[in-house]
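Given next are the chains, with one letter for each unit.
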Amino acid sequence: MTRPRNDSFLRALRRQPTEQTPVWLMRQAGRYLPEYCETRRRAGSFLQLCKNPALACEVTLQPLARYDLDAAILFSDILTVPDAMGLGLYFTDGEGPRFERPLREEWAIRDLTAPDPWDHLRYVTDAVAEIRRALHNSVPLIGFSGSPYTLACYMVEGGASSDYRHIKGMLYGRPDLLHRILSVTADAVIAYLNAQIEAGAQAVMIFDSWGGSLSAAAYKEFSLRYLRRIIDGLIRERGGEPVPSIVFTKGGGLWLESIADSGCDGIGVDWTIDIGEARGRVGRRVALQGNLDPAVLFASPEQIAAEAGKVLTSYGADGCGHVFNLGHGISQFTPPENVKALIDAVHQQSRDLRRAGNKLTLGS
């Protein structure tokens, strides 16, 4: 594995100095881009787009053609894993993802098995390989998966939920069944992420989108426990280069220290915590990724730059170990020109902060 020409993202995850703070955005390839909407139209549906390696490569590269991003992220969906388990994923306009066969019966849970990613998810590994070739070693490629608990939420509820009635009923009423789902899903995620790494992903991210809905005790037992298991099972080096991992628990600010002890290289944080405070709590154990409120991108370019500056300043002038990102995915209603304003502001302001910090150091 050859290091990308722009490796600032990877260096930041290793807590090494960078000339400027690297930036990429969750859902940076998506509906806010007119070119994405056109490709999705040609694909016929979101799921067909995900399952077509050539089109997945096309939309992965679209934001990099527009913006000076420091990393690409595989275009896919976290629900490809439970779909490969046979739960029957489908998408309905206005309702989002649904499963034809949610896990409610004990026999179905006992029969659940982890799919072979090189067989049932070959379209994903093929997309990873195609994207790596198309990037021409310019920036790193991030692979990803959902966390076991987040995937289990969809698998048990049958889709998105506002109250998590079914999965929390299982968590408290039949924890043995939920642990069975989480154990099989953790094995599936380990195999899936390792297959992405073998296909060419240079970093991986685990999206624990619904972990923040749990109590502190339940988070440790039903989410963090399996995140640690996944991280322990990941390929950590390939071709002589480290392969860093990032964990993002939305609403997980209360548990930063525990997440930092999981073995991951970076923690994604949402906008509900000050990133300087987060850095003070985790120290140099891990890098931090985040954490601008996505709604800031509806403001003027001047206000976007000001809000980005607040995040950079709070983290610290040296910026060591910081990957700039949103605190969650970009909204489909975001003006594309505002994304450019954000990326340019992050790069320029972080360079200015480093120069100012260096002058103070020299002056002292």
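Above: the structure in question.
Worth saying up front: this structure is predicted, and the values here are computed from it rather than measured.

Rules used in this analysis
- Residues numbered from 1 in each chain as written.
- Predicted model: local features only at pLDDT ≥ 70, side-chain atom pairs only at ≥ 80, totals over all residues.
- Heavy atoms only, no water.
- Salt bridge = Lys/Arg side-chain N within 4 Å of Asp/Glu carboxyl O.
- Buried < 20%, exposed > 50% of the residue type's maximum accessible area, 1.4 Å probe, protein only.
- Helix = DSSP H or I, 4+ residues; strand = E, 2+ residues; numbered from the N terminus.
- Arc of directions from axis to C-beta.
- Contact = heavy atoms within 4.5 Å.
- Polar contact = N/O pair within 3.5 Å; in protein donor to acceptor, adjacent residues only side chain to side chain.
- Phe/Tyr/Trp six-rings, centres within 6.5 Å; stacked < 30°, edge-to-face > 60°.
- Core = buried A, V, L, I, M, F, W, Y, C linked by side-chain atoms within 4.5 Å.
- 1 Å grid on protein atoms, 1.4 Å probe; cavity = no way out; pocket = protein on both sides within 12 Å on 5 of 7 lines; lining within 4 Å.
- Points joined across faces, edges and corners; volume = space filled by probe spheres on them.
- Nonpolar A, V, L, I, M, F, W, Y, C, P; charged D, E, K, R; others polar.
- Pairing = 2+ DSSP bridges.
- Axes fitted to C-alpha atoms, helices over the stretch in contact; angles between N-to-C directions.
- Parallel < 35°, antiparallel > 145°, perpendicular 65-115°, else oblique.
- Left-handed = near helix turned anticlockwise from the far one by under 90°.

Engineer: Would you mind going over the pattern of salt bridges with me for this structure?
Structural biologist: Any two side chains of opposite charge can pair if their charged atoms end up close together. Counted by the stated rule, this structure contains 23 salt bridges. Among the salt bridges present, the one from Arg11 reaches Asp7, with a minimum N-O distance of 2.9 Å. Judged by relative accessible area, Arg11 falls into the buried class, the value being 15%. As a salt-bridge pair, Glu277 and Arg281 come within 3.8 Å of each other at their nearest N and O atoms. Residue Glu277 and its partner Arg281 are located together in helix α14 (residues 275–282), separated by four residues, close to a single helical turn.

Engineer: Before we go on, may I ask you to explain unusual backbone geometry in this structure?
Structural biologist: Across residues other than glycine, the phi torsion is negative in most instances, and most of the peptide bonds are trans. In the segment running from Gly290 into Asn291, the intervening peptide bond is cis, with an omega of -5°. Positionally, Asn291 belongs in strand β10 (residues 287–292). Of note, Arg27 is a non-glycine position whose phi angle comes to about 65°, a positive value. Its location among the elements puts Arg27 in the loop between α1 (8–13) and α2 (34–43).

Engineer: Help me understand α14, please; the structure alone is not making it clear to me.
Structural biologist: Residues three or four positions apart in an α-helix share a direction because the helix packs 3.6 residues into each turn. Among the residues making up α14, those that are buried are Ile275, Ala278 and Val282. What you see down the axis of α14 is that its buried residues fit within an arc of 55°, all on one side. Packed against the buried residues of α14 are α13 (256–260), β9 (266–268), β10, α15 (301–315) and β11 (322–326). The N-cap residue of α14 is Asp274: its side-chain oxygen and the backbone nitrogen of Gly276 are 2.9 Å apart. The first or second residue beyond α14 is Gly283, which carries a positive phi of 60°.

Engineer: I keep staring at the packing of aromatic side chains and nothing clicks. Help me out?
Structural biologist: For any pair of aromatic rings, the description consists of the separation of the ring centres together with the inter-plane angle of the planes. Counted by the stated rule, this structure contains eight aromatic pairs. With a centroid separation of 5.8 Å and 75° between ring planes, the pair formed by Phe46 and Phe75 is classed as edge-to-face. Of the two residues, Phe46 sits in helix α3 (residues 46–50) while Phe75 sits in the loop between β1 (72–73) and α5 (80–87), which places them 29 residues apart along the sequence. What makes Phe46 buried here is its relative accessible area of 12%. Note on Phe75: relative accessible area 8%, which makes it buried. With centroids separated by 5.0 Å and ring planes inclined at 70°, the aromatic side chains of Phe46 and Phe91 adopt a geometry described as edge-to-face. Taken as a pair, Phe46 in helix α3 and Phe91 in strand β2 (residues 89–92) lie far apart in primary sequence, 45 residues in all.

Engineer: Please explain the nonpolar core as it appears in this structure.
Structural biologist: In a soluble, globular protein the nonpolar side chains are often hidden away together inside. By size, the foremost hydrophobic cluster in this structure holds 125 residues, and its most contacted members are Phe9, Ile267 and Leu342. In terms of residue count, helix α11 (residues 175–199) provides more of this core than any other element does, 13 residues in total. For Ile267, the contacting residues outside a window of four places in its chain are Ile246, Val247, Leu256, Ile259, Ala260, Val282, Val286, Ala287, Leu288 and Gln289.

Engineer: How should I be thinking about the layout of surface pockets in this particular structure?
Structural biologist: If you roll a probe as big as a water molecule over the atoms, it shows you where there is empty space left. Within this model, the largest pocket holds a volume of roughly 1,200 Å³. Lining the largest pocket we find 37 residues, and of these Arg27, Arg31, Phe46, Ser76 and Asp77 sit closest to its centre. Counting residues per element, the ones that place at least two in the lining of the largest pocket are α2, β2, β3 (96–99) and α9 (148–157). The residue makeup of the lining of the largest pocket, split by class, is 18 nonpolar, 13 polar and six charged. Taken as a whole, the second largest pocket holds about 190 Å³ of empty space. Lining the second largest pocket are 13 residues, with Leu87, Arg101, Leu103, Trp107 and Ala108 sitting closest to its centre. Among the elements that take part in the lining of the second largest pocket, α5 stands out by supplying three residues, more than any other. Partitioning the lining of the second largest pocket into residue classes produces seven nonpolar, two polar and four charged.

Engineer: Would you mind showing me how to read the pairing of strand β8 (residues 245–249) here?
Structural biologist: Looking down a regular strand, the side chains alternate between one sheet face and the other. For β8, the buried fraction is high: five of the five residues fall into the buried class. In this sheet, β8 lies alongside strand β5 (residues 203–208) in parallel orientation, the contact comprising five bridges. Each residue of the ladder has a partner; that of Phe207, found in β8, is Phe248. Two strands pair when backbone bridges link them, and β8 and β9 are joined in this way by three bridges, in the parallel orientation. Note on β9: the bridge partner recorded for Ile246 is Gly266.

Engineer: In this structure, what is going on with the packing of α5 against α11? I would like to understand it.
Structural biologist: Packed helices, taken two at a time, are described by the angle between their axes plus the distance between the axes. The geometry of α5 relative to α11 is characterised by a closest axis approach of 10 Å and an angle of 120° between their N-to-C directions. Our classification of the angle between α5 and α11 gives oblique. The chirality of how α5 crosses α11 is right-handed. Residues Thr80, Val81 and Met85 of α5 form the contact with α11, whose own contacting residues are Val184, Thr185, Ala188 and Tyr192. Considering only residue class, the contact of α5 with α11 consists of five nonpolar, two polar and no charged.

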